[in-house]
Amino acid sequence: MEQMTVNLKDQQADVTTYDWHLDDSYFSGVEGAEIQQGTVDVTLEVKRLTAAYDLTFRYRGTLTLLCDRCLEPMQQPVEGETTLRVRLGEAWEDDGDTITIPEADGTLDVTWNLYEMLALAIPLRHVHPDGACQTDIDFDGDDTTASDTDDAETNRPTDPRWDALKKVLNN
C-alpha cells in the first residue's frame, strides 16, 4: 500500500497538491472494519498559513458496502470535502480541532485520516434502491405477504381503550 505522507516541514510553495487513487489494495491495507472495497479519487491541497497548515481533502468515488436490508454487496457513492488544521510543535497532539506534529519530524501520514473521512461520508443507513435487493428475506418463516397480514389485522377485534386513543390522535 502506498504511504500517504505529507512533508510539511520542507514545503516550498504556499500551496501544494497531492493526488491519490484509492482502490481495494488501500482498503485492505488499512484494515478498517467499515470499508473493505472501493475506488475513490482524492485530491489533497496543503495550504501554508502563518502558524499552521490547512489540509483540504476532496474525494469522489464509490465504496462497496453490505446492504443493511439484504446483506448483499452494493455500490455507495461518496463525495465530499474536509479540512484539517495541522501545526508544527514539540510533541504529537490531537485536540480535535488542530493536529500538532513534532517539528523535528515534520511529516504527517494521512492514510488513517482519509479512511476516517470516507467512513464518516457513508450514510447511516445504506440500502439498495427499492426493489433492487438480491434476496427476499423471511425472518419469521411465515409465507404470508404484507397484504395478508394487513387484512388479518383489520378483521381482528380491537381493545376499546385503543379506539379512544385513536380518536384523540385523529382530532
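Residues numbered from 1 in each chain as written. Predicted model: local features only at pLDDT ≥ 70, side-chain atom pairs only at ≥ 80, totals over all residues. Heavy atoms only, no water.

Undergrad: Which residues make up the nonpolar core, and what are the values?
TA: Judged by nonpolar contacts, the single largest core of 31 residues is most densely connected at L22, F27, V40, L55 and F57. Looking at this core, the elements with two or more residues in it are β2 (15–22), α1 (24–30), β3 (37–48), β4 (53–66), β5 (73–89), β7 (98–102) and α2 (111–121). (Core = buried A, V, L, I, M, F, W, Y, C linked by side-chain atoms within 4.5 Å. Buried < 20%, exposed > 50% of the residue type's maximum accessible area, 1.4 Å probe, protein only. Helix = DSSP H or I, 4+ residues; strand = E, 2+ residues; numbered from the N terminus.)

Undergrad: Kindly report on the sheet that holds β5, identifying the contributing residues and their values.
TA: Read across the open sheet, the six strands follow the order β2-β3-β4-β5-β7-β6; overall the sheet is mixed. This sheet does not close on itself; its edge strands, each paired only once, are β2 and β6 (93–94). Looking at chain direction, β4 and β5 are connected through 14 bridges and run antiparallel. In the sheet register, L63 faces β5, and the bridge partner there is Q76. (Pairing = 2+ DSSP bridges.)

Undergrad: Describe a negative patch on the surface, with residues and values.
TA: Judged by side-chain charge, E93, D94, D95, D97 and E116 come together as a negatively charged surface patch. The residue E93 is located in strand β6 in this model. (Patch = residues over 30% accessible without salt bridge, like charges linked within 9 Å, V, L, I, M, F, W, Y side chains within 5 Å. Areas by Shrake-Rupley, 256 points an atom, 1.4 Å probe, with all protein chains shown as cover. Salt bridge = Lys/Arg side-chain N within 4 Å of Asp/Glu carboxyl O. Lys, Arg positive; Asp, Glu negative; His and termini not counted. Charge placed at Lys NZ, Arg CZ, Asp CG, Glu CD.)

Undergrad: So what about the pattern of salt bridges? Which residues, and what values?
TA: Tallied over the entire structure, the rule returns five salt bridges. Notably, a salt bridge pairs R48 with D14, separated by 3.2 Å at the nearest N-O pair. A residue pair is termed long-range when its members are at least 10 positions apart, and R48 in strand β3 and D14 in the loop between β1 (5–7) and β2 qualify at 34 residues. We classify R48 as partly exposed; its relative accessible area is 30%. For R58, the salt bridge goes to E81, with nearest N and O atoms at 3.1 Å. Remark: E81 occurs in strand β5 and R58 occurs in strand β4; sequence separation between them is 23 residues. Overall, the relative accessible area of 33% leaves R58 in the partly exposed class.

Undergrad: Go over the packing of aromatic side chains, please, and point to the residues and values.
TA: Under the definition given, this model contains three aromatic pairs. Relative to W20, the ring of Y18 has its centre 5.8 Å away and its plane inclined at 15 degrees; by these criteria the two rings are stacked. By relative accessible area, Y18 is classed as partly exposed at 22%. Residue W20 is classed as buried on the basis of its relative accessible area of 7%. The interplanar angle of 25 degrees and the centroid separation of 5.0 Å between the aromatic rings of W112 and Y115 together place this pair among those described as stacked. Pair noted here: W112 and Y115 are both in helix α2, with a separation of three residues, about one helical turn. Exposure remark for W112: the relative accessible area of 42% places this residue in the partly exposed category. (Phe/Tyr/Trp six-rings, centres within 6.5 Å; stacked < 30°, edge-to-face > 60°.)

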